[in-house]
Amino acid sequence: MNLTNLHPEWKVEKIEIATLTGERARSAGSNGRIGDHGKNCSVRIARITIDGETGFGHSGQLTEELAERVIGMRLIDLFDENGRLHEPYRIPLEYPILDWLGHRQNTPVYNLIASSERASDSPLVVPCYDTSLYFDDLHLQNESDAVALLKEESEQGLAKGHRNFKIKVGRGGRHMPLWEGTKRDIAIIHGVAEAAGPEGKIMIDANNAYNLNLTKEVLAAVADVNLHWVEEAFHEDDALYVDLKAWLQARGQQVLIADGEGLASPYLVNWARNGVVDVLQYDIIHPGFTHWLELGAKLDQWGLRSAPHCYGNAFGIYATGHIAAAIQNFEFVEYDDISIVGMDTSAYRVENGLFHIPNKAGFGLDYDEELFFSRVRANGWSR
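Residues numbered from 1 in each chain as written. Predicted model: local features only at pLDDT ≥ 70, side-chain atom pairs only at ≥ 80, totals over all residues. Heavy atoms only, no water.

Side note on the packing of aromatic side chains
Phase 1: Taken as a whole and assessed by the stated rule, the structure comprises 19 aromatic pairs.
Phase 2: Pairing phenylalanine 56 with phenylalanine 372 gives two aromatic rings, centres 5.2 Å apart and planes at 80°, and the pair type is edge-to-face. Of this pair, phenylalanine 56 sits in strand β3 (residues 53–58) while phenylalanine 372 sits in helix α12 (residues 369–379), and the two are 316 residues apart along the sequence. You'll find phenylalanine 56 and phenylalanine 372 in the same group, each marked buried.
Phase 3: Following the ring pairs from residue to residue traces out a cluster consisting of Phe56, Tyr367, Phe372 and Phe373. (Phe/Tyr/Trp six-rings, centres within 6.5 Å; stacked < 30°, edge-to-face > 60°. Helix = DSSP H or I, 4+ residues; strand = E, 2+ residues; numbered from the N terminus. Buried < 20%, exposed > 50% of the residue type's maximum accessible area, 1.4 Å probe, protein only.)

Focus: the domain arrangement of the protein
Phase 1: What the domain assignment reports for the protein is domain 1 (11–106 + 369–382) and domain 2 (124–367).
Phase 2: Summarising the inter-unit geometry, the C-alpha centres of domain 1 and domain 2 are found 26 Å apart.
Phase 3: Of the residues lining the interface, 38 residues belong to domain 1; the matching set on domain 2 comes to 43 residues.
Phase 4: Taken together, the two surfaces of domain 1 and domain 2 that pack against each other cover about 3,300 Å², and 57% of this comes from carbon and sulfur. (Domains from an automatic or database assignment. Contact = heavy atoms within 4.5 Å. Buried area = accessible area lost by both parts, 1.4 Å probe.)

Some words on the nonpolar core
Phase 1: One finds Leu75, Phe289 and Phe355 to be the most contacted residues of the largest nonpolar core, which totals 114 residues.
Phase 2: Look past the residues within four positions of phenylalanine 355 in its chain and what remains in contact with it is Leu124, Val125, Val126, Cys128, Ile317, Tyr318, Gly321, Val333, Tyr335, Tyr348, Arg349 and Val350.
Phase 3: Membership of the second largest hydrophobic core comes to eight residues, among which are Tyr129, Ala258, Val279 and Phe332. (Core = buried A, V, L, I, M, F, W, Y, C linked by side-chain atoms within 4.5 Å.)

Focus on the pairing of strand β8 (residues 256–259)
Phase 1: Side chains of β8 alternate between two faces, with Leu256 and Ala258 and Ile257 and Asp259 buried alike.
Phase 2: Two strands pair when backbone bridges link them, and strand β7 (residues 227–231) and β8 are joined in this way by three bridges, in the parallel orientation. The residue bridging valine 230 from the neighbouring strand is isoleucine 257, located in β8.
Phase 3: Relative to strand β9 (residues 279–280), β8 is paired through two bridges, and the arrangement is parallel. What sits directly across from alanine 258, in β9, is valine 279.
Phase 4: Each parallel crossover has a hand, and for β8 linked through helix α9 (residues 268–273) to β9 it is right-handed. (Pairing = 2+ DSSP bridges. Right-handed = clockwise from strand over helix to strand, strands pointing away.)

Written out as structure tokens, the structure is:
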């Protein structure tokens, strides 16, 4: 970011924080690790006031003590010489500060971070996928009924503009007998792929519920599917990834290996650089946006792909769309259909598998300020 646009007298005047609540369009079931995710969601939003103007955004790990230290600081002192926020301020404050900068300069965040040749007055359009296909079928005894249910859910996504889908797999890892659950995974992958059609890209995510041989069994059984990547098949292990990559290449099966969300191995980036992982998926909220600006540039340089993880955080969906402008090999926005009361996302839309990010100032989201203030009083704080 260009620091010459930061006036040296702009100072942080106020920080307020509150939790806003909402719900998913449809309750989400289990995955390979844990039980039902449910329908209710929340997002922790901070409002920052600098030079009389405000910016809103998700805030993680922001304490009242940190807020008190930041109040009165010059905005320019929060950044390093490369135009990146200093580490202590990133996860707590990067989103409201970026939103503030966008509003002050009357431009979307994606233009603040894009290279000059990629900056545009037009809305940004990037691929996305529906990430809502969880284990919603565990109550069903019959495999065909389970397939019908997941096909119906994917058709709901198609009706909302999606063309690409990620399917949770790994039913046999915990929630069903091993082979019965694996057979159901395979049948559901085929069913969703049929609903999506030949142009729809399919991703599968086992949340580490497979092992290497189970992964091969499933991939061999769905070789007729337009399978784009396999995600978190098993816990990160370079020896197993080398084996899986060689097996896929020997078969001529063009499936990418994706990993990186959650408690990812610290060696994962190096393994990717060595060619055994194709897509990195660190979370857009933690380690966050600024981290992704730095990591995405490295992955582009190495010819690797970026697909920031975002599930369960409504703000992160929209932030992921903006960061695509700074990453050449950006894959998809992970779209979790959530509505948060008091956060207006209507300027965004999904159409034909593409996420349209509006040419609006900041992150392009509007907030009900009266409701936000009531939430500050009820469950937040102000400094």
